[in-house]
Amino acid sequence: MTGLVIEAATEHVEVAIVSPDGVLAHLIEEVGHGQTRRLTPLVQEAFAIAGRGPRDLGWVAADLGPGSFTGVRVGLATARAFALAAGARVVGASSLAALAHAAPARKALVIPLVGAGRRDVYAGFFRADTRGKVSLLAAPRVVAAESLVALVAEAHAMLPELTLRFVGPGAGRERERLEAAYPTSTALAFRHGGLSALDLAAAARHPGGPGAGLPAEGHEADPVYVRSAQAEERVRHAALLATPVSVRPMTAADVPAVAEAERRTFSDAWSESYFRSLLDQPGGWTRVAERQGQMAGYLIASVQEPVCDLENVAVLPAHRRCGVASALLADLYGYCRQSGAREVLLEVRASNDGAQALYRSHGFRLAGLRRGYYRAPDEDALLMACPVPARPASDAPSH
Ligand SMILES: CC(C)(COP(=O)(O)OP(=O)(O)OC[C@H]1O[C@@H](n2cnc3c(N)ncnc32)[C@H](O)[C@@H]1OP(=O)(O)O)[C@@H](O)C(=O)NCCC(=O)NCCS
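Definitions and cut-offs
Residues numbered from 1 in each chain as written. Predicted model: local features only at pLDDT ≥ 70, side-chain atom pairs only at ≥ 80, totals over all residues. Heavy atoms only, no water. Pairing = 2+ DSSP bridges. Helix = DSSP H or I, 4+ residues; strand = E, 2+ residues; numbered from the N terminus. Axes fitted to C-alpha atoms, helices over the stretch in contact; angles between N-to-C directions. Contact = heavy atoms within 4.5 Å. Salt bridge = Lys/Arg side-chain N within 4 Å of Asp/Glu carboxyl O. Buried < 20%, exposed > 50% of the residue type's maximum accessible area, 1.4 Å probe, protein only. Near = heavy atom within 4 Å. Polar contact = N/O pair within 3.5 Å; in protein donor to acceptor, adjacent residues only side chain to side chain. Nonpolar A, V, L, I, M, F, W, Y, C, P; charged D, E, K, R; others polar. Core = buried A, V, L, I, M, F, W, Y, C linked by side-chain atoms within 4.5 Å. Domains from an automatic or database assignment. Phe/Tyr/Trp six-rings, centres within 6.5 Å; stacked < 30°, edge-to-face > 60°. Parallel < 35°, antiparallel > 145°, perpendicular 65-115°, else oblique. Left-handed = near helix turned anticlockwise from the far one by under 90°.

### Notes on the sheet that holds strand β1 (residues 2–7)
Phase 1 of the analysis: Taken together, 5 strands build an open sheet; the order of strands is β3-β2-β1-β4-β5 and the sheet is mixed. For this open sheet the edge positions go to β3 (22–30) and β5 (89–93), each flanked by a neighbour on one side alone. Across this sheet, the average inter-strand angle for adjacent strands is 15 degrees, counted without regard to direction.
Phase 2 of the analysis: Summarising the sheet, β1 and strand β2 (residues 12–19) pair through 5 bridges and their orientation is antiparallel. When the bridges of β2 are listed, E7 appears paired with E14.
Phase 3 of the analysis: Against the sheet, helix α2 (residues 69–86) contacts β1, β4 (57–63) and β5, and its axis sits at roughly 170 degrees relative to β4.

Encoded structure:
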């Protein structure tokens, strides 16, 4: 089956036409910010070289990012347009996963790096076993180049026995800094010159799934931005100010709605009877958040001094990115201070980017890895920990 591969996540654009017999056409162009202008003509040229047309396509692969916002959007939109016209499937992989899966590393912590503009980089976290099989370790991050070494140290502390391998164009750019902190960590010199459409094609067609850091078979190919666009943030923050969040104890009357939200959110959902059993457990903390008079989310935790275990938190899709989980966490910290807990611990799926971003924004850091902890689908858990913050000044009693 013939495939079209579009790699447009950075300033370097590649188009390839591949068939089971091999690569039929492969074009590379340095386009700066000209993806919009150059991509379709490059695809046409590739078809002409390959002697194929859109009707021959069985699949179209696009780089899902992170990388240039425009590049990712133009690449994916072009892939979708060709797929729609041809009745073909759209497949994709993140730029970071494509780099990690192609890197010839073994028994290593593989950290793909892609430039994120200014002095920032996008960093991915993967581990390669002794046979070179790659799995996802933690969600991608965008960091200032100066903070990269500290971020890597946090991930490396979970698996200190592994060799560090930085790959990708960002590794070429930050080579000096990385070598100063971790000698020979860039010695593999993999794809320092840029991303590759052929790596992308292999990753996008890999059986994948969250444990590999790739979309599961048949899963929608959605962009991976890591950093939100500024305009989007302005709109969200305006909405957040307009609608406050309140938090209250969960009651028996809330349980059916909570269990329904749980079923819609998690593949390994807790049952209604389990939620009910938690309501009057000693040390338990079962809370519901409301926004605009509706249930917007819930949180379950328990304290066994000096540790608080955050067991479950979820926000209904219509209320996400409006500060609901943050309000539930702030409320939990209040309970921790009152009950003498000094640290909050939790487990999170390695592929759960949104939750890891939430926890990081509240001071949680990586504290360990639990291999194969989750089922449906099978996946590693990250253990994250956060010291209970001191009472915010705004909560202090006024005199
Ligand atoms: C993870 C989840 C609980 C976050 O709830 P939320 O109410 O949307 O989170 P908040 O609005 O309080 O987010 C606070 C900050 O966390 C980060 N964050 C939260 N969700 C994020 C996402 N999907 N992507 C990137 N960052 C995210 C952001 O920094 C955000 O601040 P900002 O919106 O100003 O940028 C929610 O997405 C959810 O219910 N997901 C499904 C269930 C789940 O994964 N639960 C956790 C199990 S361990």
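### Details of the pattern of salt bridges
Phase 1 of the analysis: Counted by the stated rule, this structure contains 21 salt bridges.
Phase 2 of the analysis: For E174, the salt bridge identified is with R177, shortest N-O distance 3.0 Å.
Phase 3 of the analysis: For R177, a relative accessible area of 29% corresponds to the partly exposed category.
Phase 4 of the analysis: Through salt bridges with shared partners, a single network forms among R119, R173, E174 and R177.

### Thoughts on the sheet that holds strand β12 (residues 245–249)
Phase 1 of the analysis: If you trace the 7 strands from one edge of the open sheet to the other, you get β12-β13-β14-β15-β16-β18-β17, paired in mixed fashion. Pairing within the sheet leaves two strands with one partner each, and these edge strands are β12 and β17 (365–374). Neighbour to neighbour, the strand axes of the sheet diverge by 25 degrees on average, direction disregarded.
Phase 2 of the analysis: Two elements, strand β16 (residues 343–349) and strand β18 (residues 379–387), share 7 bridges in a ladder whose sense is antiparallel. What sits directly across from R349, in β18, is A381.

### Some words on the site of the ligand
Phase 1 of the analysis: Not every one of the 23 residues close to the ligand is listed here, only the nearest: R236, V315, R321, S326 and N352.
Phase 2 of the analysis: Here V324 contributes a backbone N or O atom positioned 3.4 Å from an oxygen atom of the ligand.
Phase 3 of the analysis: Listed by contribution, the elements that provide at least two residues to the shell around the ligand are α8 (230–242), β15 (307–315), α11 (324–339), β16 and α12 (353–361).
Phase 4 of the analysis: Counting residues per element, the shell around the ligand draws most heavily on α12, at 6 residues.
Phase 5 of the analysis: Its residues placed into classes, the shell around the ligand shows 12 nonpolar, 7 polar and 4 charged.

### A few points about the environment of G3
Phase 1 of the analysis: Take G3: it is sitting in strand β1.
Phase 2 of the analysis: For the pair formed by G3 and W59, sequence separation is 56 residues and the distance between their alpha carbons is 4.9 Å.
Phase 3 of the analysis: With residues up to four places along the chain from it excluded, the contact list for G3 reads A16, I17, V18, L57 and W59.

### Things to note about α12
Phase 1 of the analysis: Within the sequence span of α12, burial applies to A355, Q356, L358, Y359 and R360.
Phase 2 of the analysis: G363 sits one or two positions beyond α12 and adopts a positive phi of about 95 degrees.

### Let's talk about the nonpolar core
Phase 1 of the analysis: Within the largest apolar cluster, 53 residues are counted, with the highest numbers of intra-cluster contacts made by I111, L299, L332, V344 and Y359.
Phase 2 of the analysis: For this core, the leading source of residues is α11, giving 8 residues.
Phase 3 of the analysis: A domain split of this core shows at least three residues from each of domain 2 (96–186) and domain 3 (230–395).
Phase 4 of the analysis: Every residue in contact with Y359, bar those within four places of it in the chain, is listed here: L310, V313, L346, V348, F364 and M384.

### Regarding the domain arrangement of the protein
Phase 1 of the analysis: What the domain assignment lists for the protein is domain 1 (2–93), domain 2 (96–186) and domain 3 (230–395).
Phase 2 of the analysis: Relative placement of domain 1 and domain 2: their C-alpha centres are 27 Å apart.

### Digging into the packing of aromatic side chains
Phase 1 of the analysis: Here the structure, examined in full by the defined rule, presents 9 aromatic pairs.
Phase 2 of the analysis: Grouped by ring-pair contacts, the aromatic residues W270, Y274, F275 and Y298 constitute a single cluster.

### Looking at the packing of helix α1 (residues 35–50) against α2
Phase 1 of the analysis: Axis separation between α1 and α2 bottoms out at 10 Å; the angle between their running directions is 40 degrees. Taken together, α1 and α2 sit at an angle that is classed as oblique. Judged by the sense of rotation from one axis to the other, the crossing of α1 with α2 is right-handed. On α2, the residues that touch Q35, T36, L39, T40, V43 and F47 of α1 are G71, V74, G75, T78 and F82.
Phase 2 of the analysis: A per-class count over the contact of α1 with α2 returns 5 nonpolar, 6 polar and no charged.

### Considering the side chain of D63
Phase 1 of the analysis: Residue placement: D63 occurs in strand β4.
Phase 2 of the analysis: Of note is the side chain of D63, whose polar atom sits 2.8 Å from the backbone nitrogen of G65.
Phase 3 of the analysis: Not counting the four nearest positions on each side in its chain, D63 is found in contact with I6, E7, A8, A9, V72, A93, S94, S95, L195 and L200.

### Thoughts on unusual backbone geometry
Phase 1 of the analysis: The omega torsion across E305 and P306 is 10 degrees, close enough to zero to call that bond cis.
Phase 2 of the analysis: With respect to the helices and strands, the residue P306 is situated in the loop between β14 (294–304) and β15.
Phase 3 of the analysis: For the peptide bond that leads from A376 to P377, omega is -5 degrees, which places it in the cis range.
Phase 4 of the analysis: Mapped onto the elements of the fold, P377 is located in the loop between β17 and β18.
Phase 5 of the analysis: Unlike most non-glycine residues, T184 shows phi in positive territory, near 70 degrees.
Phase 6 of the analysis: By the secondary structure assignment, T184 is in the loop between α6 (175–181) and α7 (197–204).
Phase 7 of the analysis: Phi angles above zero are rare outside glycine, and A189 is one such case at about 45 degrees.
Phase 8 of the analysis: By the secondary structure assignment, A189 is in the loop between α6 and α7.

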